[in-house]
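A closer look at the structure
The chain contents come next:
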Amino acid sequence: MMDHSECDVLVVGSGAAGLSAALVTAVTGLKTLICEKEPVFGGTSAWSGGAVWAPANSVARRAGLHDDVEACLTYLAACLPPEWMDEERDRLQMFANQAGPAIDFIMAHSPLRFENLETPDLYMQAAGARYRGRMLTPCPLSLHVLGRLAARLRRPDYSHLFTFNEILVHDPYHHPWRAAGMLAPALVWRVLRRQRAQGSALVGGLMAGCQQAGVRLWLEAGVDALEQDGQGRVVAA
């Protein structure tokens, strides 16, 4: 790690949100640096199941599942306190408009691929809810795409060999031998190819895209303070 460097965009943290932001800025031509305080990257996203709630996405459309922005906003209005909708309406509108295109952007600029997670919206009694299509989960991804950086991916407390859908269907944590027997060919193939799913695939795929776009990653580089100019722009950290 260098003691000093200049960049157009500084991203603090290397979880899924930070990596997504870094991917966007780097692809659009900005010199981007990620600072991560830990000796590994991925944050708690790397530990997670990697599921993403993204209404009106193309993965669902290709599976023949209908959704649209207005249905998403109707659902959010039914689930959230009224004052939230009043205060955050513009932000929620932006989320509903851009969630699907964001998924397309990530898949276009990284090796990450998604599949539909076979779960409904949390509040199915609410107007605008959908049985399927809004929850996405990463497909298995070979960590070889990260090269040497794969050794610095934060390891989960439990194996990410199983996809989220396989966990829902086969319940490997309560029935490990039955699940392993049902999925043996796929699991052997994943071990041989060093494939992982869930949060490992989500973070690994995003980081691979960042690498390809020229993003630099500093590990063990915590940010204690930001220095701003008179207009509020960050000029040093």
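Report follows, based on the coordinates.

Criteria and thresholds
- Residues numbered from 1 in each chain as written.
- Predicted model: local features only at pLDDT ≥ 70, side-chain atom pairs only at ≥ 80, totals over all residues.
- Heavy atoms only, no water.
- 1 Å grid on protein atoms, 1.4 Å probe; cavity = no way out; pocket = protein on both sides within 12 Å on 5 of 7 lines; lining within 4 Å.
- Points joined across faces, edges and corners; volume = space filled by probe spheres on them.
- Helix = DSSP H or I, 4+ residues; strand = E, 2+ residues; numbered from the N terminus.
- Nonpolar A, V, L, I, M, F, W, Y, C, P; charged D, E, K, R; others polar.
- Pairing = 2+ DSSP bridges.
- Salt bridge = Lys/Arg side-chain N within 4 Å of Asp/Glu carboxyl O.
- Buried < 20%, exposed > 50% of the residue type's maximum accessible area, 1.4 Å probe, protein only.
- Right-handed = clockwise from strand over helix to strand, strands pointing away.
- Phe/Tyr/Trp six-rings, centres within 6.5 Å; stacked < 30°, edge-to-face > 60°.
- Expected span 1.5 Å × (residues − 1).
- Bend = angle between axes of the 7 residues up to and from the residue.
- Polar contact = N/O pair within 3.5 Å; in protein donor to acceptor, adjacent residues only side chain to side chain.
- Contact = heavy atoms within 4.5 Å.

Remarks on the layout of surface pockets
A probe matching the size of a water molecule, rolled over the atoms, marks out where space remains unfilled. Of the pockets and cavities examined, the largest pocket occupies roughly 450 Å³. Considering the residues around the largest pocket, the lining is formed by 20 residues, among which Ser-5, Cys-7, Leu-10, Ala-236 and Ala-237 are closest to the centre. Only β1 (9-12), β2 (32-35) and β10 (234-236) provide two or more residues apiece to the lining of the largest pocket. Looking at side-chain class alone, the lining of the largest pocket contains 13 nonpolar, three polar and four charged residues.

Some remarks on the sheet that holds strand β5 (residues 135-138)
The three strands lie next to each other as β3-β5-β4, forming an open sheet whose pairing is antiparallel. Edge positions in the open sheet fall to β3 (52-53) and β4 (114-116), since each of these has one partner strand only. Where β4 meets β5, three bridges bridge the pair, whose relative direction is antiparallel. In the sheet register, Glu-115 faces β5, and the bridge partner there is Thr-137.

Section: the pattern of salt bridges
Between side chains of opposite charge, a pair can form when the charged atoms approach closely. Throughout the structure, instances matching the rule amount to eight salt bridges. Its salt-bridge partner being Asp-67, residue Arg-130 comes within 3.7 Å of it at the nearest N-O pair. With Arg-130 in the loop between β4 and β5 and Asp-67 in the loop between α2 (58-62) and α3 (69-79), the pair connects residues that are 63 residues apart, well separated along the chain. The residue Asp-121 makes a salt bridge to Arg-134 at a minimum N-O spacing of 2.6 Å. Of this pair, Asp-121 sits in the loop between β4 and β5 while Arg-134 sits in the loop between β4 and β5, and the two are 13 residues apart along the sequence. In this structure, Asp-121 and Arg-134 share a single accessibility class: buried.

Quick word on the pairing of β2
Neither face of β2 is exposed, since Thr-32 and Ile-34 on one face and Leu-33 and Cys-35 on the opposite face are all buried. Bridge count between β1 and β2: four bridges; the pairing is parallel. Paired with Val-12 across the strands is Cys-35, a residue of β2. In this fold, β1 hands off to helix α1 (residues 16-27), which returns the chain to β2; that crossover is right-handed. Strand direction decides the pairing type here: β2 and strand β8 (residues 216-218), joined by three bridges, are parallel.

Overview of the packing of aromatic side chains
The final tally for this structure, using the stated rule, is three aromatic pairs. Relative to Tyr-75, the ring of Trp-53 has its centre 5.9 Å away and its plane inclined at 35 degrees; by these criteria the two rings are tilted. Of this pair, Trp-53 sits in strand β3 while Tyr-75 sits in helix α3, placing them 22 residues apart in sequence. Assessed through its relative accessible area of 24%, Trp-53 is described here as partly exposed. On the basis of an interplanar angle of 10 degrees and a centroid distance of 6.0 Å, the ring pair of Trp-53 and Phe-95 is categorised as stacked.

Some points on helix α4 (residues 82-108)
The end-to-end C-alpha distance of α4 is 36 Å, a good match for the 39 Å that 27 residues give at a rise of 1.5 Å each. The largest bend in α4 amounts to roughly 80 degrees and is located at Glu-88. Listed in full, the buried residues belonging to α4 are Met-85, Leu-92, Ala-96, Ala-99, Gly-100, Ile-103, Ile-106 and Met-107.

Quick notes on the pairing of β5
What you see with β5 is no split at all: Met-135 and Thr-137 on one side and Leu-136 and Pro-138 on the other are buried throughout. Relative to β5, β3 is paired through two bridges, and the arrangement is antiparallel. Paired with Val-52 across the bridge in β5 is Leu-136.

Notes on the side chain of Gln-198
Within the secondary structure layout, Gln-198 lies in helix α8 (residues 198-213). What makes Gln-198 buried here is its relative accessible area of 2%. For Gln-198, the side chain forms a polar contact with the main-chain oxygen of Phe-162, separated by 2.8 Å.

Here's the deal with the side chain of Ser-45
With respect to the element layout, Ser-45 can be found in the loop between β2 and β3. Since its relative accessible area comes to 17%, Ser-45 is described here as buried. Those residues within four positions of Ser-45 in sequence are excluded, and the remaining contacts are Gly-15, Ala-16, Gly-199 and Val-203.

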